[in-house]
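Summary of the model geometry
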Amino acid sequence: VVSHIGAPQRIPVLTRDLDVAQGVGVGAMAAAGSKKPPWAPFACGAVAAIAELSLMQPLDVVKTRMHLQGLGVQTGDNFGGTWAAVQGIRQAEGTLGLWRGFVPGLCVVIPRRGFKFLFYDAFVGLLWKGEKGKAPFAHSMLAGGMAGGAEACVITPLECIKIAMQSEKACGGSAPTGTLAFAAAMVRTGGIASLYTGLAATVTKHTAHSMFYFAAFHETKKLAPKGQEAGPVVKIGWDLGAGFVAGCAAATANNPFDVVKTRQQVGAASAVSNHAVAKEFSVAKRSLVGWMMELVRTEGPQALYKGYFAKVARLGPGSALIFCMFEQLMALF
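Residues numbered from 1 in each chain as written. Predicted model: local features only at pLDDT ≥ 70, side-chain atom pairs only at ≥ 80, totals over all residues. Heavy atoms only, no water.

**Quick notes on the packing of helix α2 (residues 40–67) against helix α4 (residues 102–127)**
Where α2 contacts α4, the axes come no closer than 7 Å and their chain directions differ by 140 degrees. In this structure, the crossing between α2 and α4 has a hand that is right-handed. Across the interface between the two elements, P41, F42, G45, A46, A49, I50, L53, S54 and Q57 of α2 pack against F102, G105, L106, V109, I110, P111, R113, G114, F115, F117, L118 and D121 of α4. Looking at the contact of α2 with α4, its residues break down into 14 nonpolar, five polar and two charged. (Axes fitted to C-alpha atoms, helices over the stretch in contact; angles between N-to-C directions. Helix = DSSP H or I, 4+ residues; strand = E, 2+ residues; numbered from the N terminus. Left-handed = near helix turned anticlockwise from the far one by under 90°. Contact = heavy atoms within 4.5 Å. Nonpolar A, V, L, I, M, F, W, Y, C, P; charged D, E, K, R; others polar.)

**Some points on the pattern of salt bridges**
Enumeration according to the criterion identifies 23 salt bridges in this entry. Here the salt bridges do not stand alone but share partners, grouping E52, D60, K63, R112, E159, K162, K205, D258, K261, K311 and R314 into one network. (Salt bridge = Lys/Arg side-chain N within 4 Å of Asp/Glu carboxyl O.)

**A closer look at α2**
With 28 residues, α2 should cover 40 Å at 1.5 Å per step; its first-to-last C-alpha distance of 35 Å lies more than 12% under that length. Remark: the principal bend of α2, roughly 65 degrees, maps to M56, with a proline, P58, within the next four residues. The buried fraction of α2 is high, at 21 of 28 residues. (Expected span 1.5 Å × (residues − 1). Bend = angle between axes of the 7 residues up to and from the residue. Buried < 20%, exposed > 50% of the residue type's maximum accessible area, 1.4 Å probe, protein only.)

**Observations concerning empty space enclosed by the protein**
Enumeration over the complete set of coordinates arrives at two cavities of 30 Å³ or more. Approximately 130 Å³ is the volume attributed to the largest cavity. Every residue lining the largest cavity is counted, 15 residues in all, and those nearest its centre are R112, K205, K311, R314 and L315. For the lining of the largest cavity, the leading source of residues is helix α11 (residues 308–330), giving four residues. (1 Å grid on protein atoms, 1.4 Å probe; cavity = no way out; pocket = protein on both sides within 12 Å on 5 of 7 lines; lining within 4 Å. Points joined across faces, edges and corners; volume = space filled by probe spheres on them.)

**With respect to the environment of G72**
Note on placement: G72 falls in the loop between α2 and α3 (82–93). Residue class for G72 comes out exposed when judged on its relative accessible area of 58%. Along the chain, G72 and T298 lie 226 residues apart, while their C-alpha atoms are 8.9 Å from each other.

**Overview of unusual backbone geometry**
Non-glycine residue N78 carries a positive phi angle of around 55 degrees. Position of N78 relative to the elements: it lies in the loop between α2 and α3. Classification of N78 as exposed rests on a relative accessible area of 52%.

**Points about the packing of aromatic side chains**
A complete count under the given rule lists 16 aromatic pairs for this structure. Between F42 and F115, the ring centres sit 5.0 Å apart and the planes meet at 75 degrees, which makes this aromatic pair edge-to-face. Residue F42 is found in helix α2, and its partner F115 is found in helix α4; the two are separated by 73 residues along the sequence. Classification of F115 by relative accessible area gives partly exposed; the value is 23%. Ring centres of Y213 and F214 lie 5.5 Å apart, and the angle between their planes is 85 degrees; this geometry places the pair in the edge-to-face category. (Phe/Tyr/Trp six-rings, centres within 6.5 Å; stacked < 30°, edge-to-face > 60°.)

**A short note on the environment of A122**
Within the secondary structure, A122 is located in helix α4. Overall, A122 belongs to the partly exposed group, its relative accessible area being 40%. Sequence separation between A122 and P41 is 81 residues, and the spatial gap between their C-alpha atoms is 9.7 Å.

**Here we look at the layout of surface pockets**
Empty space among the atoms becomes visible once a probe the size of a water molecule is rolled across them. By volume, the largest pocket amounts to about 1000 Å³. If you go around the largest pocket, you meet 31 residues; those closest to its centre are E131, K132, G133, H218 and E327. Where the lining of the largest pocket is concerned, the elements lending two or more residues are α4, α7 (199–221), α8 (232–266) and α11. Ranked by residues supplied to the lining of the largest pocket, first place goes to α4 with five residues.

**Observations concerning the side chain of K63**
If you trace the backbone, K63 turns up in helix α2. Residues contacting K63, with those up to four places away along its chain left out, are D258, G307, A310 and K311.

**Focus on helix α10 (residues 288–299)**
Over its twelve residues, α10 runs 16 Å from end to end, which matches the ideal 16 Å to within 8%, given 1.5 Å per residue. Among all positions of α10, only L288, W291, M292, E294, L295 and E299 are buried. Buried positions in α10, seen along its axis, are confined to an arc of 165 degrees and lie on one side of it. Exposed positions of α10 whose direction lies more than 90 degrees from the buried face are V289, M293 and R297. The inward-facing, buried residues of α10 abut α7, α8 and α9 (276–282). (Arc of directions from axis to C-beta.)

**Brief notes about the confidence of the model for the protein**
Parts of the prediction with low pLDDT should not have their coordinates interpreted in detail. Mean pLDDT over the protein: 85, with 87% of residues reaching 70 or higher. Confidence scores differ between elements of the protein, with helix α1 (residues 2–34) showing the lowest mean pLDDT of 44 and α7 the highest of 96. In the model, residues 1–33 has pLDDT below 50 throughout and makes one contact with residues more than four positions away in sequence or in other chains. (pLDDT = per-residue confidence, 0-100.)

If you want it as C-alpha cells, here you go:
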C-alpha cells in the first residue's frame, strides 16, 4: 500500500524534472544557435561599406580636393564651398571626375569597415562582459579607438593610392592614371615605404574617428524605446538616426588629422607624370604636428576643418546607411 501510494506522488516530480531537463536542452540549443560566426561583423561591415561608397564617392573626392587648397598652394582649386566644388570638378573633368579613385576606394572601404566592425566587436568583448550594445561610454570609446588604430595599419597603403588618384586632375582628353600605375610609380621612386606615407596621421585619424563613431551610435541607441514600442520600423529609424549622429561626431573628431593625412599622402605620388598637386606637396616634408602648426600659423585654426561640410555631408547619411545595413544584416545570422 505504501508503495502504491508513494508511486503516484513521484510522477509529478519526474515530470517536472523532465521538463526542466528539456528546457535546459532547448535553452542550450537556442544559445548555441544564436551565436554569430566570428567573421559576421567583417562581412556585414564590408557589404554596408560598398553600398555607402557607391552613393557617397563624389563627396569623398570633393573633400580631398578641398583639403589640398588654401593659402600658398599653387595647384589648389580654391573652391568656395562643397556645391561649388561639385560643379567645378564636373565642368572641368566631366561627371566621371567625381568618381576618381572609386576602385581603390572600394579596396579601402571593404577592409576598413570590415576590420573596423570586426576589431570593435573583439575589443569591446574583452573590455565588457555584458551585452555589447549596452557597454558603458568609456568602454565603447576605448574599444573603438583600438579598433580604429588597428584598422589604419591595414589600410594605409590603399589610402595612399586612393588619395593620389582623387587629387589627380584631368583636363581635356587626358585620361586618369590607373590604380596599378599609381602603385607602381610610388613604389618605384619611394619603395614600399612610400605606401605608408602619413601612417601616424592615418592611425590618429582612424583612432579618433572610431572612438566617437561607436560610442555615439551606442549611446544614442540607448535612448531608443524598448518592448512592444520597438517594432521593426522604429528600430530601423533609430539605427538610421544613431548612425547619422555617429557619422557627424566622427567627422568632427577626425577632420584635423584627415587634412594633414591628405597633404602628406598626396606627395607620395610625385613620380606620376602630370600630377602637379603631388609634385607641389612632395616638397613639404612635415610631421603630423608640424603640418598642424603650419596650417594654424598661416591660415588660422579653421584651416584644420577644410572640407568639413563635404565630410559631414558624406559621413552623416553614409554612416546612417552603414549602421542600419550592418544591424539588419547581423540579425540574419
